[in-house]
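Here is what each chain is made of, one letter per residue.
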Amino acid sequence: MLADTGHTGLTPSQKLAIVAKRYKMPGLLAMQPTEQIIYDSIDLSLLSSTGPTTFSFFANTNTKNFPFANLQQNKLNAGNVIVIQYVQLQLVSCTVVGTAPNTVSVINNIRCLEENLSGTVAATFKPLLASQLTIVLGSSEVVKDFPLTNGYAGFNPNGKFGNKAFASATISEQYGSSSIDLRSEPVILPQLEFKANLVMPQFIAGNIPTVGTQFLRLVLGGFGTIPSMSKPM
């Protein structure tokens, strides 16, 4: 995957080399190539029944821990870079355990928002695919008002249709990649503040979950680098 030519006509490493030269960061080319994935989660109890809601992913990751975020700040450390090749949305279902104020959300399931089985938790939250994504690097919007319907098989260039067997029953469903390819492949450079703003549609009041039970996880992934003390492989 790391050597594939991207939608820009360049491999991710070639694009990184161009960006490193443009911003006078030649040291990035000495870092170890890797697959970089970062994610943050938002509690869906914050949805509104009176109008759209805007959530900022990665803006306050310092208040969260694994498994709800894997960053402690909204910028990458020195030597770390991500060429964002795809976005994923994951519905994280939890059970709240403990006694207030010392409760903890414990994960019991993770689903794709494109799940098409009626009556399931994922089906309830499928309207979130009507959300729009804006990614901000520094003061620049590198992705603006991107509709997340592209994460649904029927509108996803990578999607497929067919049947899958579950136990003894065969259920007709839509399936495919829940990843959304970003053809522009924006680059997050080290020490550059970033965030992903997601505008979510108005929700039916009865479908808004209680605190700590349902989270939306936003994943950004692709080719990247990590610090290396030796010559990269």
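Residues numbered from 1 in each chain as written. Predicted model: local features only at pLDDT ≥ 70, side-chain atom pairs only at ≥ 80, totals over all residues. Heavy atoms only, no water.

**What to know about the overall build of the chain**
Now for step 1: From N to C terminus, the chain includes 2 helices and 13 strands.
Now for step 2: Counting every position in the chain, which comprises 233 residues, the buried fraction comes to 46%.
Now for step 3: Within the chain, contacts between residues at least 6 apart in sequence are counted, and of these 71% link residues at least 24 apart.
Now for step 4: Here the chain has roughly 11800 Å² of accessible surface; of this, 56% comes from carbon and sulfur atoms. (Helix = DSSP H or I, 4+ residues; strand = E, 2+ residues; numbered from the N terminus. Buried < 20%, exposed > 50% of the residue type's maximum accessible area, 1.4 Å probe, protein only. Contact = heavy atoms within 4.5 Å. Areas by Shrake-Rupley, 256 points an atom, 1.4 Å probe, with all protein chains shown as cover.)

**Digging into the layout of surface pockets**
Now for step 1: Of the voids in this model, the largest pocket is the one considered here, and its volume is about 300 Å³.
Now for step 2: Forming the walls of the largest pocket are Lys15, Val19, Arg22, Tyr23, Met25, Leu137, Ser140, Val142, Pro186, Val187, Leu189 and Leu192.
Now for step 3: Counting residues per element, the ones that place at least two in the lining of the largest pocket are α1 (12-22) and β7 (140-147).
Now for step 4: When residues in the lining of the largest pocket are grouped by element, the largest group, 3 residues, is from α1.
Now for step 5: A breakdown of the residues in the lining of the largest pocket according to their chemical character gives 9 nonpolar, 1 polar and 2 charged. (1 Å grid on protein atoms, 1.4 Å probe; cavity = no way out; pocket = protein on both sides within 12 Å on 5 of 7 lines; lining within 4 Å. Points joined across faces, edges and corners; volume = space filled by probe spheres on them. Nonpolar A, V, L, I, M, F, W, Y, C, P; charged D, E, K, R; others polar.)

**Quick word on the pairing of strand β12 (residues 194-200)**
Now for step 1: Of all 7 residues making up β12, 5 are buried, and the element is well covered by its neighbours.
Now for step 2: Of the pairings in the sheet, the one linking strand β2 (residues 53-57) to β12 comprises 5 bridges and is antiparallel in character. Paired with phenylalanine 57 across the strands is alanine 196, a residue of β12.
Now for step 3: Judged from the 6 bridges that link them, strand β6 (residues 132-137) and β12 form a sheet pairing that is antiparallel. (Pairing = 2+ DSSP bridges.)

**Describing the sheet that holds β7**
Now for step 1: A sheet is described by the order of its strands in space; here 4 strands give the open sequence β2-β12-β6-β7, paired in antiparallel fashion. Every other strand in the sheet has two partners, leaving β2 and β7 as the edge strands with one partner each. Adjacent strand axes in the sheet meet at a mean angle of 15° when their direction is disregarded. (Axes fitted to C-alpha atoms, helices over the stretch in contact; angles between N-to-C directions.)

**Focus: the packing of aromatic side chains**
Now for step 1: With the rule as written, the count across this model stands at 3 aromatic pairs.
Now for step 2: Judged by centre distance (4.7 Å) and plane angle (45°), the rings of phenylalanine 68 and phenylalanine 215 are tilted. Of this pair, phenylalanine 68 sits in the loop between β2 and β3 (81-83) while phenylalanine 215 sits in strand β13 (residues 214-226), placing them 147 residues apart in sequence. An identical accessibility class is assigned to phenylalanine 68 and phenylalanine 215; each is buried.
Now for step 3: Summarising the aromatic geometry, the rings of phenylalanine 125 and phenylalanine 203 are spaced 5.9 Å apart at their centres and angled 25° between planes, so their arrangement reads as stacked. Of this pair, phenylalanine 125 sits in the loop between α2 (121-124) and β6 while phenylalanine 203 sits in the loop between β12 and β13, placing them 78 residues apart in sequence. (Phe/Tyr/Trp six-rings, centres within 6.5 Å; stacked < 30°, edge-to-face > 60°.)

**Considerations on the side chain of threonine 225**
Now for step 1: When you line up the elements, threonine 225 lands in strand β13.
Now for step 2: Side-chain polar atoms of threonine 225 contact the backbone oxygen of glycine 79, separated by 2.8 Å.
Now for step 3: Every residue in contact with threonine 225, bar those within four places of it in the chain, is listed here: Leu16, Leu28, Met31, Gln32, Pro33, Thr34, Gln36, Gly79, Asn80 and Val81. (Polar contact = N/O pair within 3.5 Å; in protein donor to acceptor, adjacent residues only side chain to side chain.)

**What to know about the nonpolar core**
Now for step 1: The biggest cluster of nonpolar side chains holds 35 residues, and the ones touching the most others in it are Leu44, Phe57, Phe58, Leu128, Leu133, Met200 and Leu216.
Now for step 2: Looking at this core, the elements that each hand over two or more residues are β1 (32-43), β2, β4 (86-97), β6, β7, β12 and β13.
Now for step 3: Considering each element in turn, this core owes the most residues, 4 residues, to β12.
Now for step 4: Leave out the neighbours within four places in its chain, and leucine 128 touches Leu44, Leu47, Leu113, Met200, Phe203 and Leu216.
Now for step 5: The next biggest cluster of nonpolar side chains, apart from the first, holds 9 residues, and it includes Leu16, Val187, Leu189 and Phe223. (Core = buried A, V, L, I, M, F, W, Y, C linked by side-chain atoms within 4.5 Å.)

**Digging into the confidence of the model for the chain**
Now for step 1: Summing up the model confidence of the chain, the mean pLDDT is 83 and the portion of residues at 70 or higher is 79%.
Now for step 2: Scored below 50 in pLDDT, residues 166-176 makes 32 contacts in the model with residues more than four places away or belonging to other chains. (pLDDT = per-residue confidence, 0-100.)

**Examining α1**
Now for step 1: For α1, the set of buried residues is Pro12, Lys15, Leu16, Val19 and Ala20. For α1, the angular spread of buried residues about the axis comes to 135°, placing them on one side.
Now for step 2: Contacts from the buried residues of α1 go to β3, β11 (187-188) and β13.
Now for step 3: One or two steps after α1, the chain reaches lysine 24, where phi turns positive at roughly 55°. (Arc of directions from axis to C-beta.)

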